[in-house]
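One-letter residues, chain by chain:
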Amino acid sequence: MLTVSSCPNAPLGPRVRSLERKLYAYAGLEDFVLLYPLYALLFAEHGLTTAEISSLFAIWCAVGLLVEVPSGVWADVVSRKALMAIGPVLTAGGFALWALTPSYAAYAAGFTLWAIGGSLRSGSMEALVHDELERLGAADRYGRVMGRAAAVGMAATATATAAAAPALAFGGDTLVWGGSIAACLLCAAVGATLPEHRTTGHHEKTERPGYVATLRDGLAEVRGSRPVGRAMVLAVVITSVWGVLDEYVPLLAASTGVATETVPLLVLVVWVGVTLGSLLVGPGERLTDRTVAALVAVAAVALAAGALSGTPTGFVLLGAAFGVFQLADVLADVRLQAAISGPSRATITSLTGLGTNIASLLAYGAYAALSPHASHGAVFALLALPYLLVAAALGRPRPAPAPAGQEAQ
């Protein structure tokens, strides 16, 4: 069967642009949640203690860890588009539970649904976008498309955060709950319109391997392919450390002695850097591994210097460092997707997500263990050290491809 990518005169542009528009709409709606800056406060208003709220976050993380890989395998077995549509519906259901029956049990159930919904999207999105772009002969656009999608998501989060207080003042809890649920349902509707053309061998819509076979194929490729294994390790380290540090940026800002109302402005500086990092993926793909390695090393130094400065101006260095880490984050995903050759793309991507979640828990633990003995700036500086290892790994020449049939040896 002739595919679009095999025909040089096929009208690729409109289909690629349509996919990109739908992906950006999906990413924006997924993160336009008015509840983001308010839900912890709402829990406290309904009588939950800090310990109970922390236990809800623990439930959220634990469920995400348990569901991450099974959902990725399911995406390869059934339909990536279907999981991308179902995920936001589950999240909306969780928010509805919170609104209708405010209690600890409802909050725990809601976080469970939210974690499952997020896991259904994780792995499915990357695999669907990569394979659809490849089918349309535009696989080289994957990095910049995912970078722009990340930037849209960040802009949506920032917009929702800015709109949350006015929405609460104007429409009360009802508007905040309703707006958040509506955004999730619209996200699901957009997800249902995404294209998906799955192939097995040379024929479309033939029978796919079962769940166990798909998981086995994914694990076999991870064990047998050095490029895949190396790309996974790099993606896990790059993503987990700065993702954890991002949660502590407000505390670092407050430790500089600025007024409370100034803290969001310093956090915004970091968000601007991250957004720019997402938008620079296109030019970043043209850089050599050694150049990216040098940028990551410089960013690690900038992160440590900015954090240790103890001044608001140091956040310019933090923003620049986080921008480089976000760029390296997306480039690591590009490298991983390019290395995967088998049909279990979502499975392998979810295995990487599982590794990232575990590494993030370790980083949270490290921060908690170090914080009684060191300032926030010192802890940031210490946790910048893994990026020097990342830079060293990126600077090493990539291993030559193994001869056919010998890669797994």
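What counts as what
- Counting from 1, residues in each chain are numbered in the order their sequence is written.
- Only residues with pLDDT of at least 70 are given local features in this predicted model, and only at 80 or more are side-chain atom pairs given and counted; all residues enter the totals for whole chains, interfaces and linings.
- Derived side-chain values reflect all non-hydrogen atoms in the structure, with water molecules and hydrogen atoms excluded from consideration.
- Helix and strand labels come from DSSP, where a helix needs a run of H or I of at least four residues and a strand needs a run of E of at least two; each type is numbered from the N terminus.
- Throughout, the radius of gyration refers to the C-alpha atoms, and the reference size of a globule is 2.2 Å times the residue count to the power 0.38.
- The cut-offs for exposure are 20% and 50% of the maximum accessible area for each residue type, with area from a 1.4 Å probe on protein chains only; residues under the lower value are buried, those over the upper are exposed, and the others partly exposed.
- Any two residues whose heavy atoms approach within 4.5 Å are treated as being in contact.
- For the accessible areas, the method is Shrake-Rupley and the probe is 1.4 Å, while residue cover comes only from the protein chains on display.
- Charge counting follows a simple rule: Lys and Arg are positive, Asp and Glu are negative, and His as well as the terminal groups are ignored.
- Lys charges are placed at NZ, Arg charges at CZ, Asp charges at CG and Glu charges at CD.
- Interaxial angles span 0 to 180 degrees and are taken between N-to-C directions of axes, which are lines fitted to C-alpha atoms, for helices over the stretch in contact.
- Relative orientations are named as follows: roughly parallel for angles under 35 degrees, roughly antiparallel for angles over 145 degrees, roughly perpendicular for angles from 65 to 115 degrees, and oblique for any other angle.
- Side-chain classes follow a simple rule in which Ala, Val, Leu, Ile, Met, Phe, Trp, Tyr, Cys and Pro form the nonpolar group, Asp, Glu, Lys and Arg form the charged group, and the remainder, Gly included, forms the polar group.
- Under the rule applied, a polar contact is a pair of N or O atoms within 3.5 Å (in protein, one hydrogen donor and one hydrogen acceptor; residues adjacent in sequence only if both atoms are side-chain atoms).
- Each residue after the first adds 1.5 Å to the expected span of a helix.
- Bend is computed residue by residue as the angle between axes fitted to the seven residues ending at the residue and the seven residues starting at it.
- For this analysis, a ring pair means two rings from Phe, Tyr or Trp (six-membered ring only for Trp) whose centres lie within 6.5 Å, classed as stacked if their planes differ by under 30 degrees, edge-to-face if by over 60, and tilted for the remaining angles.
- Residues belong to one nonpolar core when they are buried, are Ala, Val, Leu, Ile, Met, Phe, Trp, Tyr or Cys, and are joined through side-chain atoms within 4.5 Å.
- Cysteine sulfur atoms that come within 2.5 Å of each other are treated as a disulfide pair.
- Between Lys or Arg on one side and Asp or Glu on the other, a salt bridge is scored when a side-chain nitrogen of the former is within 4 Å of a carboxyl oxygen of the latter.
- The pLDDT value tells you how sure the predictor is about a given residue, anywhere from 0 up to 100.

**Student:** Give a detailed account of the overall build of the protein, specifying residues and quantitative values.
**Tutor:** When helices and strands are tallied, the protein shows 17 helices and two strands. At 21 Å, the protein has a C-alpha radius of gyration in line with the 22 Å of a compact globule built from 409 residues. On the principal axes, the C-alpha backbone points of the protein span a range of 65 × 50 × 40 Å. Looking at the protein residue by residue over its 409 residues, the buried ones come to 46%. Across the protein, the fraction of contacts at a sequence separation of at least 24, relative to all contacts at a separation of at least 6, is 82%. For the protein, the accessible surface area stands at approximately 18,500 Å², while carbon and sulfur atoms represent 68% of it. Taking the average location of the 24 positive side-chain charges in the protein and that of its 26 negative ones, the two points are 10 Å from each other.

**Student:** Would you mind going over the packing of helix H16 (residues 376-383) against helix H17 (residues 385-395) in detail, with residue names and values included?
**Tutor:** Each packed pair of helices is defined by two parameters, the angle between the axes and the distance between the axes. Running from N to C, H16 and H17 cross one another at 20°; their axes reach a closest spacing of 4 Å. In this view, H16 runs roughly parallel relative to H17, as classed from their interaxial angle. Contacts between H16 and H17 pair Ala 381, Leu 382 and Leu 383 from the former with Leu 385, Pro 386 and Tyr 387 from the latter. In terms of residue class, the contact of H16 with H17 is made up of six nonpolar, no polar and no charged.

**Student:** Outline the side chain of Arg 345, supporting the account with residue identities and numerical values.
**Tutor:** Note on placement: Arg 345 falls in helix H15 (residues 345-370). A distance of 3.0 Å separates a polar atom in the side chain of Arg 345 from a polar atom in the side chain of Asp 131. With residues up to four places along the chain from it excluded, the contact list for Arg 345 reads Asp 76, Arg 80, Ala 127, His 130, Asp 131, Gln 337 and Ile 340.

**Student:** I'd love a proper account of helix H7 (residues 142-192), names of residues and values included.
**Tutor:** The end-to-end C-alpha distance of H7, which contains 51 residues, comes to just 20 Å, noticeably less than the 75 Å that a straight helix rising 1.5 Å per residue would cover. The sharpest bend along H7 reaches about 125° and sits at Gly 171.

**Student:** So what's going on with the packing of aromatic side chains? Residues and values would help.
**Tutor:** Applying the stated criterion across every chain yields a total of 25 aromatic pairs. Considering the side-chain rings of Phe 322 and Phe 325, the 6.3 Å spacing of their centres and the 50° angle between planes classify their relative orientation as tilted. With Phe 322 and Phe 325 both in helix H14 (residues 314-339), this residue pair falls three residues apart, about one helical turn. Judged by centre distance (6.1 Å) and plane angle (85°), the rings of Tyr 367 and Phe 380 are edge-to-face. Of this pair, Tyr 367 sits in helix H15 while Phe 380 is found in helix H16, placing the two residues 13 residues apart along the sequence. Here Tyr 367 matches Phe 380 in class, with each residue buried. Ring pairing ties together the aromatic residues Tyr 36, Tyr 39, Phe 43, Phe 57, Trp 60, Phe 95, Trp 98, Tyr 107, Phe 111, Trp 114 and Trp 177, which thus form one cluster.

**Student:** Lay out the nonpolar core with the relevant residues and their values.
**Tutor:** Counting 69 residues, the largest nonpolar core has Val 129, Val 296, Leu 303, Phe 322, Phe 325, Phe 380 and Tyr 387 as the members making the most contacts within it. By residue number, the principal contributor to this core is H14, which donates 12 residues. Discounting residues that sit within four places of it in the chain, Phe 322 has contacts with Trp 242, Leu 245, Asp 246, Val 249, Val 270, Val 274, Leu 303 and Phe 380. Listed in part, the 24 residues of the second largest apolar core include Leu 42, Ala 92, Ala 160 and Ala 167.

**Student:** Go over the state of the cysteines with me, naming the residues and quoting the values.
**Tutor:** Defined simply, a disulfide is a covalent bond joining two cysteines at their sulfur atoms. In the structure shown here, the tally under the stated rule is zero disulfides. With no disulfide of its own, Cys 61 lies 18 Å from the sulfur of Cys 184, the closest cysteine sulfur. The closest cysteine sulfur to the non-disulfide-bonded Cys 184 is located on Cys 187, 7.0 Å from its own sulfur.

**Student:** Go over the environment of Thr 174 with me, naming the residues and quoting the values.
**Tutor:** For Thr 174, the position within the fold is in helix H7. C-alpha of Thr 174 to C-alpha of Ala 99: the two residues are 75 residues apart in sequence and 8.2 Å apart in space.

**Student:** Please provide a residue-by-residue account of the pattern of salt bridges, values included.
**Tutor:** Counted according to the given criterion, the structure contains seven salt bridges. In this structure, Glu 132 and Arg 135 form a salt bridge, with 3.3 Å as the shortest nitrogen-oxygen distance. With a gap of three residues between them, Glu 132 and Arg 135 both fall in helix H6 (residues 124-135), about one helical turn apart. As far as burial versus exposure is concerned, Glu 132 and Arg 135 are alike and both buried. Across the pair Arg 335 and Asp 289 runs a salt bridge, and its minimum N-O distance is 3.2 Å. Of this pair, Arg 335 sits in helix H14 while Asp 289 sits in helix H13 (residues 289-309), placing them 46 residues apart in sequence. Taking relative accessible area as the criterion, Asp 289 reaches 22% and is therefore assigned partly exposed. Among the ionic contacts, a cluster of salt bridges with common partners joins Asp 76, Arg 80, Asp 131 and Arg 345.

**Student:** Talk me through helix H3 (residues 50-77); I want residue IDs and the actual numbers.
**Tutor:** Helix length check: H3 (28 residues) gives 41 Å between terminal C-alpha atoms against 40 Å at 1.5 Å per residue, within 8%. The sharpest bend along H3 reaches about 35° and sits at Val 67, with the proline Pro 70 one to four residues further on.

**Student:** An account of the confidence of the model for the protein is requested, with residue identities and associated values reported.
**Tutor:** When pLDDT drops low, the exact placement of atoms in the prediction is not to be read closely. Predicted confidence across the protein gives a mean pLDDT of 87, with 91% of residues reaching 70 or more. The lowest-confidence element of the protein is strand S2 (residues 203-204), averaging 42 in pLDDT; the highest-confidence one is H13, averaging 96. The low-confidence segment residues 200-205 (pLDDT under 50) makes nine contacts with residues lying over four places distant or belonging to another chain. In this model, residues 403-409 is a region of pLDDT below 50 whose contacts with residues beyond four sequence positions or in other chains number six contacts.

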